[in-house]
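# Notes for the structure review
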Amino acid sequence: MASRRFTPLLAALPLVLLSPLLAAQDLIADMSAGPPTGRYAFASSTPRSLPDLLKGPGQGEPAQPVGHWFLPAGTERGPAVILIHGSGGLYDAMLDFWPRQFNAAGIAVLAVDSFGPRGVKSTAEDQSQVPFAADTADAFAALKLVASHPRVDPARIAILGFSRGGITTWRTAVERIAAAQKLPDNLRFAAHVPMYSGGCVGAFRLMVKPGVFTTKAPMLWVHGDADDYTTIGACRDYADRIGKAGTPVEFVALEGAMHKFDQDDTRRLNVRGAQRTLETCPLELDIDTLATYDRNTGQRVSGEALQALTRQSCSAIGAHVQGDRAARDKAAQAILAFFRKTLGSR
């Protein structure tokens, strides 16, 4: 993969150290000029919350996430996939394993770094460092960017997110969120792949009912059954509910695989300070009213009652991660098969 790895460009340097000309070259507004494989900064914003995200693009402080762009060989127009990292930020497989798999299938790849340009390395122990809504804003900004490349068919762009990035992946399938972004020509993601996703329980989980999630773009959920960070049971239940509401959903369970099974490091690592949500947490959010409910009782909860329920039934600390190359290969096979059906890749 050495020939496909990126050489860091000047976009990695603070813009104040660059001449105006160099800064303009590093920050691109679109890809209509057909830029080749490389590292490119693009404009986004940092909405502080879901309500801010729903107000439309440009909420919060401006941001310049960086996309690592991998073009497959050839000259033909084809599909693309946008990769969204988790709480640990950009990592090895996003710049090597996954681009190799997808490029070989004729799929262009943009691996988005949302944390580095915002001065954050990891949010595993403090998720408030970067708002979750900012990840989603970056994903839609990346979609608009990639759709402008002459080698990409705008109707065949997928999103694949890992852990925290999985929340972004299924959030981009929410009709109200997507519509609020006011993308040109009704641009939308063609397929969604949450991998060992977060948000399947707790306050991030959206109440599933007809019309909340798109019924046009299929979903593929991929999860290890030994995951103790984001447990498989909660995501299987959530995916099942989304499917019953009308979205085409597939679910792949990987036997023995733990969280972040696709990383290169095969050691079992204890992330002692990792914030996680218990599978028993009953909270969910109504996207229409932005009110939080206890799905066990159907009662609305807020204020002190919400804080107490979060402390007692939802919050926990500590989890494990471990790379598993056999599981990673199985996941890649399943995703590539899914993309052949949904994106028309080879």
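Heads up: the structure comes first, above all this text.
Computed from a predicted model, the values in this text were never measured in an experiment. (Residues numbered from 1 in each chain as written. Predicted model: local features only at pLDDT ≥ 70, side-chain atom pairs only at ≥ 80, totals over all residues. Heavy atoms only, no water.)

### Some thoughts on the overall build of the chain
Tallying secondary structure elements over the chain gives 10 helices and 15 strands in all. Relative to the globule expectation of 20 Å for 346 residues, the C-alpha radius of gyration of the chain, 19 Å, shows essentially globular dimensions. Overall size of the chain, expressed as C-alpha extent along the three principal axes, is 55 × 40 × 40 Å. Per-residue burial for the chain yields a buried fraction of 55% across its 346 residues. For the chain, restricting intrachain contacts to residue pairs at least 6 apart in sequence, the fraction spanning at least 24 positions comes to 81%. (Helix = DSSP H or I, 4+ residues; strand = E, 2+ residues; numbered from the N terminus. Rg over C-alpha atoms; globule rule 2.2 N^0.38 Å. Buried < 20%, exposed > 50% of the residue type's maximum accessible area, 1.4 Å probe, protein only. Contact = heavy atoms within 4.5 Å.)

### Concerning the state of the cysteines
All chains considered together, the criterion is met by two disulfides. Covalent S-S linkage joins Cys-200 and Cys-235, the inter-sulfur distance amounting to 2.0 Å. For the disulfide bridge between Cys-200 and Cys-235, the dihedral angle about the S-S bond is near 90°, and by the sign convention the bridge is right-handed. Taken together, the residues span a long stretch of sequence, with Cys-200 in the loop between strand S8 (191-195) and strand S9 (219-224) and Cys-235 in helix H8 (residues 232-244) at a distance of 35 residues. Taken individually, Cys-200 and Cys-235 each receive the classification buried, so the pair is uniform in this respect. Note that Cys-281 is cross-linked by a disulfide to Cys-314, the S-S spacing being 2.1 Å. Handedness of the Cys-281-Cys-314 disulfide follows from its S-S torsion of about 70°: it is right-handed. (Disulfide = S-S within 2.5 Å.)

### Some thoughts on empty space enclosed by the protein
If you walk through the whole model with that rule in mind, you get one cavity of 30 Å³ or more. Taken as a whole, the largest cavity encloses approximately 30 Å³ of empty space. In this structure, the largest cavity is lined by Lys-209, Pro-210, Gly-211, Val-212, Phe-213, Thr-215, Ala-245, Gly-246 and Thr-247. Residue composition of the lining of the largest cavity, by class: four nonpolar, four polar and one charged. (1 Å grid on protein atoms, 1.4 Å probe; cavity = no way out; pocket = protein on both sides within 12 Å on 5 of 7 lines; lining within 4 Å. Points joined across faces, edges and corners; volume = space filled by probe spheres on them. Nonpolar A, V, L, I, M, F, W, Y, C, P; charged D, E, K, R; others polar.)

### Re the nonpolar core
In this structure, Trp-69, Ile-82, Leu-110, Ile-157, Phe-213 and Trp-221 are the most contacted members of the largest nonpolar core, which totals 57 residues. Sorting elements by how many residues they give to this core places helix H5 (residues 132-147) first, with 11 residues. If we skip the residues at most four places from it in the chain, Phe-213 touches Trp-170, Ala-173, Val-174, Glu-175, Val-208, Met-219, Tyr-238, Ile-242 and Thr-247. In this structure, Val-193, Val-222, Ala-257 and Phe-261 belong to the second largest nonpolar core, which totals 35 residues. (Core = buried A, V, L, I, M, F, W, Y, C linked by side-chain atoms within 4.5 Å.)

### Details of the packing of aromatic side chains
Tallied over the entire structure, the rule returns 14 aromatic pairs. Measuring from centroid to centroid gives 5.6 Å for Trp-98 and Phe-102, while their planes differ by 20°, and the two rings are stacked. Residue Trp-98 and its partner Phe-102 are located together in helix H4 (residues 97-104), separated by four residues, close to a single helical turn. Comparing Trp-98 with Phe-102, the two get one shared label, buried. By way of ring pairs, the aromatic residues Tyr-91, Phe-97, Trp-98, Phe-102, Phe-162, Tyr-196, Phe-261, Phe-338 and Phe-339 are connected into one cluster. (Phe/Tyr/Trp six-rings, centres within 6.5 Å; stacked < 30°, edge-to-face > 60°.)

### Some words on the sheet that holds strand S12 (residues 283-286)
Taken in spatial order, the three strands make up an open sheet running S12-S13-S14, and their pairing is antiparallel. Unpaired on one side and paired on the other, S12 and strand S14 (299-300) mark the two borders of the sheet. Here strand S13 (residues 291-294) runs beside S14; their pairing, made up of two bridges, is antiparallel. Residue pairing in the sheet places Tyr-293 in a bridge with Arg-300 of S14. (Pairing = 2+ DSSP bridges.)

### So, the pattern of salt bridges
One pass over the structure, following the stated rule, counts 15 salt bridges. Between Arg-241 and Asp-237 there is a salt bridge, with its nearest N and O atoms 3.0 Å apart. Of this pair, Arg-241 and Asp-237 both sit in helix H8, four residues apart, which is roughly one turn of that helix. We classify Arg-241 as partly exposed; its relative accessible area is 41%. For Asp-240, the salt bridge is made with Lys-244, and the minimal N-O distance between the two is 3.2 Å. With Asp-240 and Lys-244 both in helix H8 and four residues apart, this pair spans about one turn of that helix. (Salt bridge = Lys/Arg side-chain N within 4 Å of Asp/Glu carboxyl O.)

### Comments concerning the environment of Leu-90
Among the secondary structure elements, Leu-90 is positioned in the loop between strand S5 (78-84) and helix H3 (92-95). For the pair formed by Leu-90 and Arg-77, sequence separation is 13 residues and the distance between their alpha carbons is 27 Å. Residues contacting Leu-90, with those up to four places away along its chain left out, are His-68, His-85, Leu-95, Ala-111, Val-112 and Asp-113.

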